[in-house]
Structures are given as structure tokens and as C-alpha cells.
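# Chain and residue survey
Single-letter residue listing:
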Amino acid sequence: MIASTGSSGLYKAPLSKGLLLIQSSVSILLVFLFQHQQDLFLYNLKAIKEDFHLWKLISGRIICLDLKDTFCSSLLLYNFRSLERRFGSRKFTSFLLVAWTLSAIFDLLIVESVELFLGTTLSTLPSGFLAPVFALYVPFYCSIPRVQLAEILGLFPITNKTLVYIVGLQLLTSSPSMLVIAISGLISGFWYTKDVLNVRQILCIPRWLAEMFSRTVEPVFSSMEPVNEACVGMGATIDIQRQQRIELLDQQFMLSQLAHLGRRRPQQGGMINWNRLFQPLRHRNFGNQAEPQAPPPPASEEQVAQLMEMGFSRVDVLNALRASNNDINIATNFLLQR
């Protein structure tokens, strides 16, 4: 039951699943079986700057050598899988590529600044795919809605994001030099989100490469579609059930937002009639009581293409954009939750 629940949790998130499996497996093997090979994956800045071992900018930034970092980063990647569903695997991969590349540059700049202004020399930094994980906090904060679940002493709210922030804080405090990785990752995520210096186009995954991996690699890490009838209360542990309830609350919050924007009169009986919601808006003649409202402007082709890249049909995309008044975030959430 645990395996099936975890598999369905990674539905439509093959890249997240691949990163979880590969990183965790290699990290465990290096810690318990191949300890002598750990030097190959050490993020050694001294070797990079003085001995010009530039290859360590790659090998030192893919596999964690600390199991605590492996656990925290894996848990965060699992929670960030909703971003892959929202963006689509191609855009999600492009984001990670931009964050991973830029963070290597920012790592060196921050270390040099620390040495220049504080007189502290950092010879090594925590190894692993950590900076892109911190970078994912930027779209997570901006895109994922906040749903309050409870309060502590009536002062501190507990939301569907609280656990993610707590795990990130635990990862941040695992070592003093982790702050450098966190800052470079957050800056990289901000650069991609704001498209500074046109980084989205410069480091974008080509469509032909995305299609090739979609045919070859994605089937290996794809997960079965979860059964709708078993979404709630089927988890094998309390933590799994709690996560399922949070995702259900997130879904209900999104649907209520879309219903509020799309409907033109109150629904009877407290139920949302989606068929009526997605029908073309009708202009009703109420005589002199009210003036007819103008229909919303048509969605831009860029919005339509962005949603169609995630695998949705053009008709569904147009309907979702029309009902959400061309709000691409709300339209995306409804399409993903259908």
C-alpha cells in the first residue's frame, strides 16, 4: 500500500521521480559501500580555483554525501512535484537547468565576497543537487496557494506549506556553509522567475530534446494515474493520510476560486455545475434592469501554447482560460485537478 500511494503521488512528475530515485540510491551507495569514491563528488572550491578542476562544478553538485541532506532534499523534491505538474516537465527541467547553472556562478561569487569582506575562507561547500532545490522555493511561494489548516495558540497558522518551510529550514541549518548554497539557489530561482537577462530562452530545453526524452526516458519513471475513489483515507500511515488531505484541501480551494470567477449567478444546492460553468457565456436580456456585460477578451496564443505544452487539448485550455478570465494560474490548477 505504501508503494502504490507513493507511486500515485508522483503521477505526471517523471523528472521529480527520477531525481528522487537516482540521487537517493547513489547517495546511499556512496555512504555505505563506496566511501573511497566520495572524493569524486566532493564540492571542493579550493581544487576548482587553484587546481582548475572545473569538472568538480558538475560532480560536486549532483550527489549529496550527507544522508541528512539527502533525506531533506528528497522530501522537498517530493513536495515540489506539484510544480512539475503545473509547469510541465519541459519547463520544469528548464528551470532546474537554469538554477543549477547560475547557482554555480553565484556560489563562487558569494564565496569570494565572504573571503573579501569577512576574511573567512570556505574551501568546500555541501555537495549535492541542493541549490536547485532551494531555487524551487521561489515558484513554490509565488504559485502554490496557501491553505490554512489550523492555528497554534490562535496566533501561528499551520498551512499546507508549513512542513515544506520547516524541512527547508532544517536543511539550511545542517551546516554553516549551507547558507551560501541557499542564497545562490534563491537568487537563481528569482532570475528565472523574472527572466533576468533572458535566461529562459538562453537555457531553455529544446523541444526536440524534450520530445526525445519524453519517448525514451519518461516511460521508465512514469507513474500510474491515481484512482479517484481512493484519494482520501487510503494511506498506509498517518503522514500519508495527512498529505492526501492537504492535497484535497488544495484542490477544493482551487476549484472554489475558479467557480467564483466563472459563475455569473449563485449556484443552487451548494454544488458546482462544471458543465454549465464551461459553456460559453450567454448574454441574457433583462430589459432595462441591467446592461449586458462584455465578454472577456480572448486568451493570447502564448497562454494557450503554454498550457497545451503540458498535454491538454486546445478546447479544454480555451474553456479553462475563458472561465478563469484568462488567469493562467487558476486555469492551470483546474486543468490539473480535473
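Residues numbered from 1 in each chain as written. Predicted model: local features only at pLDDT ≥ 70, side-chain atom pairs only at ≥ 80, totals over all residues. Heavy atoms only, no water.

### A word on the environment of Thr121
Topologically, Thr121 is positioned in the loop between helix H7 (89-117) and helix H8 (131-135). A residue is classified by how much of its surface remains accessible, and Thr121, at 55% relative accessible area, is exposed. Here the alpha-carbon distance between Thr121 and Val111, two residues 10 residues apart in the chain, equals 7.6 Å. (Helix = DSSP H or I, 4+ residues; strand = E, 2+ residues; numbered from the N terminus. Buried < 20%, exposed > 50% of the residue type's maximum accessible area, 1.4 Å probe, protein only.)

### Digging into the packing of aromatic side chains
Note on aromatic pairs: each is described by the distance of the centres and the angle between the planes. According to the stated counting rule, one finds 7 aromatic pairs in the structure shown. Aromatic pair Tyr137 and Phe140: ring centres 6.4 Å apart, planes at 85°, arrangement edge-to-face. Placement of the pair is Tyr137 and Phe140 together in helix H9 (residues 137-143), with a separation of 3 residues, close to one helical turn. The class of Tyr137 is buried, set by a relative accessible area of 10%. On the accessibility criterion, Phe140 (3% relative accessible area) is buried. On the basis of an interplanar angle of 75° and a centroid distance of 5.9 Å, the ring pair of Phe140 and Tyr165 is categorised as edge-to-face. Residue Phe140 is found in helix H9, and its partner Tyr165 is found in helix H10 (residues 162-172); the two are separated by 25 residues along the sequence. An aromatic cluster of three or more residues is present, and its members are Phe80, Tyr137, Phe140 and Tyr165. Over the face of the ring belonging to Trp100 we find Arg61, whose NZ or CZ atom lies 4.9 Å from the ring centre. One residue, Lys161, lies across the ring of Phe140, its end atom 5.1 Å from the ring centre. (Phe/Tyr/Trp six-rings, centres within 6.5 Å; stacked < 30°, edge-to-face > 60°. Lys NZ or Arg CZ within 6 Å of the ring centre and 35° of its normal.)

### Concerning the packing of helix H2 (residues 14-32) against H7
With their axes 9 Å apart at the nearest point, H2 and H7 run at an angle of 45° to one another. By the angle class used here, H2 and H7 are oblique. Between H2, through Pro14, Leu15, Ser16 and Leu19, and H7, the contact on the second element is made entirely by Ser89, Phe92, Thr93 and Leu96. By residue class, the composition of the contact of H2 with H7 is 5 nonpolar, 3 polar and no charged. (Axes fitted to C-alpha atoms, helices over the stretch in contact; angles between N-to-C directions. Parallel < 35°, antiparallel > 145°, perpendicular 65-115°, else oblique. Contact = heavy atoms within 4.5 Å. Nonpolar A, V, L, I, M, F, W, Y, C, P; charged D, E, K, R; others polar.)

### Considering the side chain of Ser74
When you line up the elements, Ser74 lands in helix H5 (residues 67-79). Of the residues examined, Ser74 reaches a relative accessible area of 14% and is grouped as buried. When near neighbours in sequence (up to four residues on either side) are disregarded, Ser74 contacts Leu20 and Ser24.

### Observations concerning unusual backbone geometry
Look at Phe52: it is not a glycine, yet its phi comes out positive at around 55°. Relative to the helices and strands, Phe52 resides in the loop between helix H3 (45-50) and helix H4 (56-59). Residue Phe52 is classed as exposed on the basis of its relative accessible area, which comes to 63%. The residue Asn198 is not glycine, and still its phi comes out positive at about 60°.

### Notes on the pattern of salt bridges
Considering all chains together, one arrives at 4 salt bridges under this definition. Between Glu112 and Lys49 there is a salt bridge, with its nearest N and O atoms 3.1 Å apart. Here Lys49 lies in helix H3 and Glu112 lies in helix H7, a separation of 63 residues in the sequence. Of the residues examined, Glu112 reaches a relative accessible area of 38% and is grouped as partly exposed. The residue Asp107 makes a salt bridge to Arg61 at a minimum N-O spacing of 3.8 Å. Of the two residues, Asp107 sits in helix H7 while Arg61 sits in the loop between H4 and H5, which places them 46 residues apart along the sequence. Accessibility classification places Asp107 together with Arg61 in one group, the buried group. (Salt bridge = Lys/Arg side-chain N within 4 Å of Asp/Glu carboxyl O.)

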